[in-house]
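A closer look at the structure
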Amino acid sequence: MPSISLTAAANGCWLDSLPRQEWYLYFEIQGADAPPSEQRVPLNLALVLDRSGSMQGEKIAYVRQAAAFVVDHLGAEDTFALVQYDSVIDVLSPAARVQDKAALKRQIQTIEARDSTNLSGGMLEGFSQAMSRKEPNRVNRVLLLTDGLANQGVTDPGQLRKLAQDKFRQEGIGVSTFGVGADFNEELLMGLAEYGGGNYYFIANPDEIPGIFQRELAGLLTVVAQQAVLTVSLGDTGLRCEQVYGYPGEISAHSVRVNFNDVFAGEKKAVLLKLVADAPLMQAALSFQAELTYVDALQGFASAAERRTLEMRRAASQQDYDQALDPLLAEQTVLFLAVAWYEQAQAHADRRDFKAANAVALQAKAYLEGYFSSHAPSKELSRLYNKLLQYEKLLEEMPAMDVQMFHSSSKAAKYAAYLRRSKRSYDDENDNT
């Protein structure tokens, strides 16, 4: 049994009479069940912790607890490095096989809050440590936690994102980011994770730190596939990809490439491709080729591939067009477009243009309601709709909020949108965002 299943869907038809032609392709991958624990992929982790002055008190105490939890769940085949940073970068424990857990936890207890935030220096040292013990058939990951703004070293978000992207592309080392409280730059941490092949987490309260680290580690301990890459060929269809929703995509003239990286057991990852035509189409039918390549961690790290051919044809009538529409594609198009509007509303709110934010949020809500008028709402869309209702109320309250509450509320709303477009929404009892 392969470690990843691939689902693909496309518009069955297109209709020449529509004023603006848009085509959508949807791709979803899902990891197989977890292997027995003794067969799991070894980890090569670098834990990079912010010890700037704002981390003092309960934040640093919970960070120590989370770091100790990580150490407790590693085995002798795993490698681990511990880096702390403020204005100075210290390697408390260089990358090495996990042998003396008690000694590692003693090192963890020495972490104390001190000075400024050289995030770039800490991140690069984490990459360096992971690279020093990189071996084939391992999960290579940097876990970066911060509660503040990068104010020393490289501070430009674009440059920092490129650093993470280059390490991911060139060395295969991903980075997952953890933002604590209301004062960090969520756009930066989200970008580092998305372009660096990892996950982003918003931690509203310090007591959530151990649980969030546990969630990430649980996934890393059940990796079923690595280096998962989806390539979609547009060929000579006359269409070009205008936008990729869900994950960053590398768009070229005739193809789109999406790097999903590691896939955890049971994990879903998905993208929606929006295609447009620059000129009227002359063909009676269109064909697209998609290939998912990956390393199968359940089958001795063998290279594997799945391929799909998606086809569309010119519709003879509106009825023909409607009947050919794939239900999965229709639902996921609504989901990704509504989330995009949700995020646009948040961008307006960040600029304190609450009128514009409310207008866009209402547009997203109306779009979902229009879909619900003729389709039974799925759990996924219902939860997104409920988030939009909550956000509508939040927009009414935001103008009167103090700075701290405003930033915290904004981060929570952005995290809710991020979870939905990355397919990382958790069960209701665990999903507080």
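One structure accompanies this document, and this report is about it. In this convention, every chain numbers its residues from 1, walking through the sequence in written order. Local features in this predicted model are restricted to residues whose pLDDT is 70 or higher, and side-chain atom pairs enter the listing and the counts only when it is 80 or higher, whereas totals over whole chains, interfaces and linings include all residues. For the side-chain quantities, the full set of heavy atoms in the structure was used; hydrogens and water were omitted.

**Here's the deal with the overall build of the chain**
Going along the chain from the N terminus, every DSSP run of H or I of four or more residues is numbered as a helix, and every run of E of two or more is numbered as a strand. From N to C terminus, the chain includes 11 helices and 16 strands. Overall, the C-alpha framework of the chain stretches about 70 × 55 × 35 Å when taken along its three principal axes. We call a residue buried when its accessible area falls under 20% of the maximum for its residue type, exposed when it is over 50%, and partly exposed in between, using a 1.4 Å probe and counting protein chains only. Residues counted as buried form 52% of the 433 residues belonging to the chain. Sequence separation of at least 24 residues holds for 77% of the intrachain contacts in the chain that already meet a minimum separation of 6. It only takes one pair of heavy atoms within 4.5 Å for two residues to be counted as in contact.

**So, empty space enclosed by the protein**
In the cavity and pocket records, a cavity denotes points on a 1 Å grid over the protein atoms alone where a 1.4 Å probe fits but cannot get out, a pocket denotes an open set with protein on both sides within 12 Å along at least 5 of 7 lines, and lining residues are residues with an atom within 4 Å of a point. Grid points are joined across faces, edges and corners, and a volume is the space filled by probe spheres set on the points. For the structure on display, the rule yields 1 cavity of 30 Å³ or more. Lining the largest cavity are 18 residues, and of these Gly 197, Gly 198, Asn 199, Tyr 247 and Lys 269 sit closest to its centre. The element that contributes the greatest number of residues to the lining of the largest cavity is strand S13 (residues 255-264), accounting for 5 residues. Residue type decides the class: Asp, Glu, Lys and Arg count as charged, Ala, Val, Leu, Ile, Met, Phe, Trp, Tyr, Cys and Pro as nonpolar, and the leftover types, Gly among them, as polar. In the lining of the largest cavity, the residues fall into 5 nonpolar, 7 polar and 6 charged.

**Quick look at helix H8 (residues 327-350)**
When the terminal C-alpha atoms of H8 are compared, their 35 Å separation across 24 residues agrees well with the 34 Å that a helix rising 1.5 Å per residue should span. Most of H8 is tucked away, with 17 of its 24 residues classed as buried. Looking at the residues trailing H8, positive phi occurs at Arg 352, about 60°. An expected span of 1.5 Å times one less than the residue number is assigned to each helix.

**A look at the nonpolar core**
Definition of nonpolar core: a set of buried residues of the types Ala, Val, Leu, Ile, Met, Phe, Trp, Tyr and Cys, connected through side-chain atoms within 4.5 Å. If you look at the biggest cluster of nonpolar residues, it comprises 64 residues, and the most contacted ones within it are Phe 80, Leu 145, Leu 192, Tyr 200 and Phe 213. Not counting residues within four places of it along the chain, the set of residues in contact with Phe 213 comprises Leu 47, Ala 66, Val 70, Leu 143, Leu 145 and Phe 178. Residues Ala 270, Leu 272, Ala 345 and Tyr 371 belong to the second largest nonpolar core, which totals 39 residues.

**Considerations on the layout of surface pockets**
The computed volume of the largest pocket comes to approximately 730 Å³. If you go around the largest pocket, you meet 31 residues; those closest to its centre are Met 190, Glu 194, Gln 243, Glu 343 and Arg 421. In the lining of the largest pocket, the residues fall into 15 nonpolar, 7 polar and 9 charged.

**Quick notes on the sheet that holds S13**
One open sheet accounts for 6 strands, arranged S2-S16-S15-S10-S13-S12; its pairing is mixed. On the outer flanks of this sheet lie strand S2 (13-14) and strand S12 (249-251), each paired with one strand and no other. With 3 bridges joining them, S12 and S13 adopt antiparallel strand pairing. Across the sheet, Gly 249 pairs through a bridge with Val 258, a residue of S13. A pair of strands is treated as paired once DSSP finds two or more bridges between them.

**Quick notes on helix H1 (residues 58-72)**
End to end, H1 covers 21 Å across 15 residues, agreeing with the expected 21 Å (1.5 Å per residue, within 8%). Residues of H1 that are buried: Lys 59, Ile 60, Val 63, Arg 64, Ala 66, Ala 67, Ala 68, Val 70 and Val 71. Contact partners of the buried residues in H1: strand S4 (43-50), strand S5 (79-85), helix H2 (101-108), strand S7 (139-146), strand S8 (174-180) and helix H6 (209-220).

**Topic: the pairing of strand S9 (residues 200-203)**
The alternating pattern of S9 places Tyr 200 and Phe 202 on one face and Tyr 201 and Ile 203 on the opposite face, and all of these are buried. The β-α-β motif built from S8, the intervening helix H5 (residues 186-195) and the parallel element S9 has right-handed crossover chirality. We call a crossover right-handed when, viewed with the strands running away from us, the connection from the first strand over the helix to the second turns clockwise.

**Re the packing of H8 against helix H11 (residues 403-421)**
Whenever a helix is involved, its axis is fitted only over the stretch in contact; in every case the axis is a line through C-alpha atoms, and angles between N-to-C directions fall within 0 to 180 degrees. Axis separation between H8 and H11 bottoms out at 10 Å; the angle between their running directions is 165°. With respect to H11, the axis of H8 lies roughly antiparallel. Where H8 crosses over H11, the handedness of that crossing is left-handed. Of the residues in H11, those touching H8 at Leu 335, Phe 336, Val 339, Tyr 342, Glu 343, Gln 346, Ala 349 and Asp 350 are Phe 406, Ser 410, Ala 413, Lys 414, Ala 416, Ala 417, Tyr 418, Arg 420 and Arg 421. For the contact of H8 with H11, the class distribution of residues is 10 nonpolar, 2 polar and 5 charged. With respect to orientation, any angle under 35 degrees is reported as roughly parallel, any angle over 145 as roughly antiparallel, any angle of 65 to 115 as roughly perpendicular, and every other angle as oblique. Take the far helix as your reference; a near helix turned counterclockwise from it by less than a right angle gives a left-handed crossing, and one turned clockwise gives a right-handed crossing.

**A few points about the packing of H1 against H2**
Orientation of H1 relative to H2, taken along the N-to-C sense of each, is 165°, at an axis distance of 10 Å. In terms of their interaxial angle, H1 and H2 are classed as roughly antiparallel. Here H1 runs over H2; the crossing is right-handed. Side by side, H1 and H2 meet where Arg 64, Ala 67, Ala 68, Val 71 and Asp 72 of the first sit next to Lys 101, Leu 104, Lys 105 and Ile 108 of the second.

**Describing the pattern of salt bridges**
Within this document, salt bridges are pairs made up of a side-chain nitrogen of Lys or Arg and a carboxyl oxygen of Asp or Glu, the two lying within 4 Å of each other. With the rule as written, the count across this model stands at 30 salt bridges. Between Arg 141 and Asp 262 there is a salt bridge, and its shortest N-O distance comes to 3.0 Å. On the criterion of sequence distance, the pair formed by Arg 141 in strand S7 and Asp 262 in strand S13 is long-range, its members being 121 residues apart. Pair check on accessibility: Arg 141 and Asp 262 agree, each one buried. Through salt bridges that share partners, Glu 186, Glu 187, Asp 350, Lys 411 and Lys 414 make up one connected network.

**Focus: the sheet that holds S8**
Backbone-to-backbone hydrogen bonds pair the strands of a sheet. The strands run either parallel or antiparallel. Spatial strand order, S6-S5-S4-S7-S8-S9: 6 strands in an open sheet with mixed pairing. On the outer flanks of this sheet lie strand S6 (89-97) and S9, each paired with one strand and no other. Shown here is a sheet whose adjacent strand axes are inclined to one another by a mean of 10°, direction ignored. Bridge analysis of S4 against S5 gives 7 bridges, and the strand direction is parallel. Bridge pairing in S5 links Asn 44 to Thr 79.

**Section: unusual backbone geometry**
Although it is not a glycine, Gln 227 sits at a positive phi angle of roughly 55°. Assignment of secondary structure puts Gln 227 in strand S10 (residues 223-233). Classification of Gln 227 as exposed rests on a relative accessible area of 53%. Of note, the phi angle at Lys 423 is positive, near 60°, even though the residue is not glycine. Looking at the element boundaries, Lys 423 is found in the segment after H11.

Read these as geometric descriptors, not functional statements.
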